[in-house]
Amino acid sequence: MLRETFGSHKPVIGMVHLLALPGSPLYDAKGGIGAIIDAAAADIERLQKGGVDAVMFGNENDRPYLLKATPQSLAAMAAVIGALRSAIALPFGVDYLWDPVATVSLAAATQARFGREIMTGVFESDMGIWQPDCASALRLRHDLGRDDLKLMFNVNAEFASPLGHRSVAQRAKSAVFSSLADVILVSGPMTGQAASTSDLRAAKEAVGDTPVFANTGVNIDTVKEILSIGDGCIVGTHFKVDGKTFNPVDGDRVKRFMDMARRSR
């Protein structure tokens, strides 16, 4: 499944962080949709030349984040991805922060192979009480005829703390058993901050054959260890100019990282 969906048995997925979408406080109305497309096209080119296995589109610049997509931002994100389809030579996925139903809708509309989101649990977060609707998201996937769409469940949300006392391993095992997770993701406390290797290892031991990826904070110095524990990783911040989340992708950083990743796996 990993090779078929993500292009490798231990995939590295590079993030395409879209500029702020319409309706977001940081949206550049003067540049418009064209500016978003141009910036994303440049990042895609650098990621692909650098050798990543897959790419994923996310609306990281839509701060402060919403727990439910707006019609204008969801439509804009679909339009941007549609405009870029001819430039994408790799498997691609989508993530609308922080709405699993919107993520499935977007994946179906753009023919993405995979989607990522917080799907399960309840959290206290910067956005308020966070209660994602996994059941509706998976029912929508089935209703849209996209049972082939692989869904990646982030079980320890950034910018948030879970309510209750279950461990990461317990939440991961439950997400697979009760919510049909295709891939488990383990994150750090914020975008760009590393996931705990002990959490990654515990999640992997808990879910057996279900793949477990590091979702945040992987860099060239840690990728060997991460890939020795887990089944893949998602990289955003480390691939950016100066390692800063909201900068453009730095092609040289991508290439150096992927050289290390290939040796490590």
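See the structure above.
All residue numbers here refer to positions counted from 1 along the written sequence of the relevant chain. The model is predicted, so local features are restricted to residues of pLDDT at least 70 and side-chain atom pairs to those at 80 or more, both for listing and for counting; the totals for chains, interfaces and linings are taken over all residues. Values reported for side chains reflect all heavy atoms of the structure, with hydrogen atoms and water molecules removed beforehand.

A. Expanded view of the pattern of salt bridges. Just to be clear on terms, a salt bridge is a Lys or Arg side-chain nitrogen sitting within 4 Å of an Asp or Glu carboxyl oxygen. Under the criterion given, the structure shown has 10 salt bridges. Linking Arg46 and Asp43 is a salt bridge whose minimum nitrogen-to-oxygen distance equals 3.4 Å. Of the two residues, Arg46 and Asp43 are both situated in helix H2 (residues 32-50); the distance of 3 residues between them amounts to about one turn of the helix. A simple rule labels every residue: compare its accessible area, found with a 1.4 Å probe on the protein chains alone, to the largest value its type can have, and call it buried under 20%, exposed over 50%, or partly exposed in between. In this structure Asp43 comes out as buried when scored by relative accessible area, which is 5%. Ionic pairing is found between Arg146 and Asp148, a salt bridge with its closest N-O pair at 2.9 Å. Of the residues examined, Arg146 reaches a relative accessible area of 13% and is grouped as buried. Overall, Asp148 belongs to the partly exposed group, its relative accessible area being 49%. Look at the salt bridges and you will find they share partners, linking Glu60, Asp95 and Arg116 into a network. Each helix is a run of H or I in the DSSP string that is no shorter than four residues. Each strand is a run of E no shorter than two, and both are numbered from the N terminus.

B. Up close: the environment of Lys204. Note on placement: Lys204 falls in helix H7 (residues 197-207). The sequence separation of Lys204 and Val186 amounts to 18 residues, and the corresponding C-alpha distance is 9.8 Å. Excluding its chain neighbours within four sequence positions, the residues that come into contact with Lys204 are Thr210, Pro211, Val212, Ile229 and Asp231. Within the structure, the side chain of Lys204 is placed 3.4 Å from the backbone oxygen of Gly208, a separation counted as a polar contact. Should any heavy atoms of two residues lie within 4.5 Å, those residues are counted as being in contact. Here a polar contact is recorded for every N or O atom pair within 3.5 Å, except that within protein the pair must consist of a potential hydrogen donor and a potential acceptor, and residues adjacent in sequence are included only if both atoms are side-chain atoms.

C. Representation of the sheet that holds strand S1 (residues 12-17) within the structure. At least two bridges found by DSSP between two strands is the condition for calling them paired. Pairing is parallel in the closed barrel, where 8 strands are placed in the order S1-S2-S3-S4-S7-S9-S10-S11. In this sheet, adjacent strand axes meet at a mean angle of 25° when their direction is disregarded. Bridge count between strand S3 (residues 92-95) and strand S4 (residues 114-117): 2 bridges; the pairing is parallel. Following the sheet pairing, Gly93 is matched in S4 by Phe114. Between N-to-C directions, angles cover 0 to 180 degrees, with each direction set by a line fitted to C-alpha atoms, over the stretch in contact for helices. Sitting on the sheet, H2 touches S1 and strand S2 (54-58), and the angle it makes with S1 is about 165°.

D. Spotlight on the pairing of S1. Counting buried residues in S1 gives 6 out of 6 residues, a clear majority hidden from the surface. Burial along S1 is two-sided: Val12, Gly14 and Val16 and Ile13, Met15 and His17, pointing in opposite directions, are all buried. Pairing geometry for S1 and strand S11 (residues 232-235), over 3 bridges, is parallel. Looking at S11, one finds that Val12 is bridged to Cys233. As defined by bridge partners, S1 adjoins S2 across 5 bridges and the pair is classed as parallel. Bridge assignment links Met15 to a residue of S2, and that residue is Met56. Crossovers are described as right-handed under a simple rule: with the strands pointing away from the observer, the path leading from the first strand over the helix to the second runs clockwise. In this fold, the crossover linking S1 to S2 by way of H2 has right-handed handedness.

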